[in-house]
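Residue-level listing of the chains:
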Amino acid sequence: MDRAVVRKEIQNFMDQYYAREDGAGDGAEMYDIDSFTMVQLVLYLEDKFNIVILEELHGFGGGDFDAFAAFVAAAGQENDAA
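The notes below deal with the structure included here. Since the model is a prediction, treat every value here as computed from it, not as a measurement.

Some thoughts on the overall build of the protein
So, step 1. Within the protein one finds 3 helices and 0 strands.
So, step 2. Its helices and strands in sequence order give the protein the pattern α-α-α, from N to C terminus.
So, step 3. A total of 82 residues make up the protein; the buried ones form 34% of that total.
So, step 4. The long-range fraction of contacts in the protein, counting pairs at least 24 apart against all pairs at least 6 apart in sequence, stands at 62%.
So, step 5. Surface accessibility of the protein: about 5100 Å² in total, with carbon and sulfur atoms responsible for 47%.

See the structure below:
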């Protein structure tokens, strides 16, 4: 699974999510989203890539969306190897 593809999907989700919010939008960072939105993002990515992420989140050390994309891509590669 390619990290750049995952990062693009994260950005697509964020663009769609913030399109519904007044005054929010460009430049949103991972620390800007609440836990509910984070779960929605994880479920979106799980559905999009047919992988399991939620149960693996304990292994994510935090960071920005690029770090999260790398984490998701690694989880997808592990899922493909299984």
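Considerations on the pattern of salt bridges
So, step 1. Taken as a whole, this structure holds 2 salt bridges when the rule is applied.
So, step 2. Here Asp66 and Arg7 are joined by a salt bridge, their closest N and O atoms 2.8 Å apart. Taken as a pair, Asp66 in helix H3 (residues 65-81) and Arg7 in helix H1 (residues 3-19) lie far apart in primary sequence, 59 residues in all.
So, step 3. For Asp66, a relative accessible area of 38% gives the class partly exposed.
So, step 4. Judged by its relative accessible area of 21%, Arg7 is partly exposed.
So, step 5. One salt bridge connects Glu9 with Lys48, and the closest N-O pair in it is separated by 3.9 Å. Taken together, the positions of Glu9 in helix H1 and Lys48 in helix H2 (residues 35-49) put the pair 39 residues apart, joining distant regions of the chain.

Some remarks on the packing of H1 against H2
So, step 1. As a packed pair, H1 and H2 sit with axes 10 Å apart at the nearest point and diverge in direction by 130°. Considering the angle they form, H1 stands oblique to H2. Considering the relative orientation of H1 and H2, their crossing is right-handed. Here H1 contributes Val5, Val6, Glu9, Ile10, Asn12, Phe13 and Tyr17 to the contact with H2, which in turn contributes Thr37, Gln40, Leu41, Tyr44, Leu45, Lys48 and Phe49.
So, step 2. Among the residues making up the contact of H1 with H2, the classes are represented as 9 nonpolar, 3 polar and 2 charged.

The rules behind these values
- Residues numbered from 1 in each chain as written.
- Predicted model: local features only at pLDDT ≥ 70, side-chain atom pairs only at ≥ 80, totals over all residues.
- Heavy atoms only, no water.
- Helix = DSSP H or I, 4+ residues; strand = E, 2+ residues; numbered from the N terminus.
- Buried < 20%, exposed > 50% of the residue type's maximum accessible area, 1.4 Å probe, protein only.
- Contact = heavy atoms within 4.5 Å.
- Areas by Shrake-Rupley, 256 points an atom, 1.4 Å probe, with all protein chains shown as cover.
- Salt bridge = Lys/Arg side-chain N within 4 Å of Asp/Glu carboxyl O.
- Axes fitted to C-alpha atoms, helices over the stretch in contact; angles between N-to-C directions.
- Parallel < 35°, antiparallel > 145°, perpendicular 65-115°, else oblique.
- Left-handed = near helix turned anticlockwise from the far one by under 90°.
- Nonpolar A, V, L, I, M, F, W, Y, C, P; charged D, E, K, R; others polar.

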